[in-house]
Amino acid sequence: MKEEQIKDILLKHKIDYTKNSTIWGTIIPSISAYENGLGEVMHVMKDHILHFNSKGIAIIAVDDMLGIPREKQLVFINKSDIHGIKIQMRRTKFILSIQTNRGLIEYKIRKSILGAPWHKENLSYLLLQTV
């Protein structure tokens, strides 16, 4: 999957695109994720593409069978609803925590993703911003 494809989806939904701000994560199912509008895609589409910009976070579900973004299942969390973003380093992955008005959303973030070479580079940019 090319990052240009993600950019096109975001622009189609009138969401600002920011360079080096897109990563791939696997959601950790929770009640908070459901209450933040991710219930429809939380269990079936476990992998999500997250795009961070100055207005919030766009979350796009990835089809488990085809490995393509499901742009109709895009959820946007406004910056005003986000209280904090934290990344914890684990041995083989990272845990991304997004604290919102409706609770905590967590993602497992792998260091690299096969078929998404942009992920590794963008993850390093995100790590620099959250440290």
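About the thresholds
Residues numbered from 1 in each chain as written. Predicted model: local features only at pLDDT ≥ 70, side-chain atom pairs only at ≥ 80, totals over all residues. Heavy atoms only, no water. Helix = DSSP H or I, 4+ residues; strand = E, 2+ residues; numbered from the N terminus. Expected span 1.5 Å × (residues − 1). Buried < 20%, exposed > 50% of the residue type's maximum accessible area, 1.4 Å probe, protein only. Arc of directions from axis to C-beta. Contact = heavy atoms within 4.5 Å. Core = buried A, V, L, I, M, F, W, Y, C linked by side-chain atoms within 4.5 Å. Pairing = 2+ DSSP bridges. Axes fitted to C-alpha atoms, helices over the stretch in contact; angles between N-to-C directions.

Concerning helix H3 (residues 118–130)
Part 1 of the reasoning: Taking 1.5 Å of rise per residue, 13 residues should cover 18 Å, and H3 covers 19 Å from first to last C-alpha, within 8% of that figure.
Part 2 of the reasoning: Of all the positions in H3, only Trp118, His119, Asn122, Leu123 and Leu126 are classed as buried. All buried residues of H3 project into a common sector of 120° when viewed along the axis, lining one side. Among the exposed residues of H3, those oriented more than 90 degrees off its buried face are Lys120 and Leu128.
Part 3 of the reasoning: Where H3 is buried, its residues touch helix H1 (3–12), strand S1 (22–28), strand S2 (47–53), strand S5 (82–89), strand S6 (93–100) and strand S7 (103–110).

Quick look at unusual backbone geometry
Glycine aside, negative phi is the norm for most residues, and most peptide bonds take the trans geometry.
Part 1 of the reasoning: The phi dihedral of lysine 14 falls on the positive side, at around 60°, and the residue is not glycine.
Part 2 of the reasoning: Considering the arrangement of structural elements, one finds lysine 14 in the loop between H1 and S1.
Part 3 of the reasoning: Residue classification places lysine 14 among the exposed residues on the basis of a relative accessible area of 75%.
Part 4 of the reasoning: We note that asparagine 20 has phi near 60°; this positive angle belongs to a residue other than glycine.
Part 5 of the reasoning: Residue position: asparagine 20 is located in the loop between H1 and S1.

Re the nonpolar core
Where a protein is soluble and globular, its nonpolar side chains tend to be buried together.
Part 1 of the reasoning: Ranked by size, the top nonpolar core spans 20 residues in total, and within it Ile23, Leu38, Leu50, Leu96, Ile98, Ile105 and Tyr107 carry the most contacts.
Part 2 of the reasoning: Those residues in contact with leucine 96 that lie beyond four places of it in its chain are Ile23, Leu50, Phe52, Ile85, Lys86, Ile87, Ile105, Glu106, Tyr107 and Ile109.
Part 3 of the reasoning: In terms of nonpolar packing, the next biggest core, distinct from the first, is built from 13 residues, Ile9, Ile15, Ile49 and Val62 among them.

Considerations on the sheet that holds strand S3 (residues 56–62)
Part 1 of the reasoning: With antiparallel pairing, the 7 strands of this open sheet are ordered in space as S4-S3-S2-S1-S7-S6-S5. Each edge of the sheet is formed by a strand with only one pairing partner; in this case those strands are strand S4 (69–78) and S5. Each adjacent strand pair in this sheet contributes to an overall mean axis angle of 30°, direction not counted.
Part 2 of the reasoning: Bridging between S1 and S7 involves 3 bridges; their strand directions are antiparallel. Pairing of threonine 26 across the sheet is with lysine 108, part of S7.

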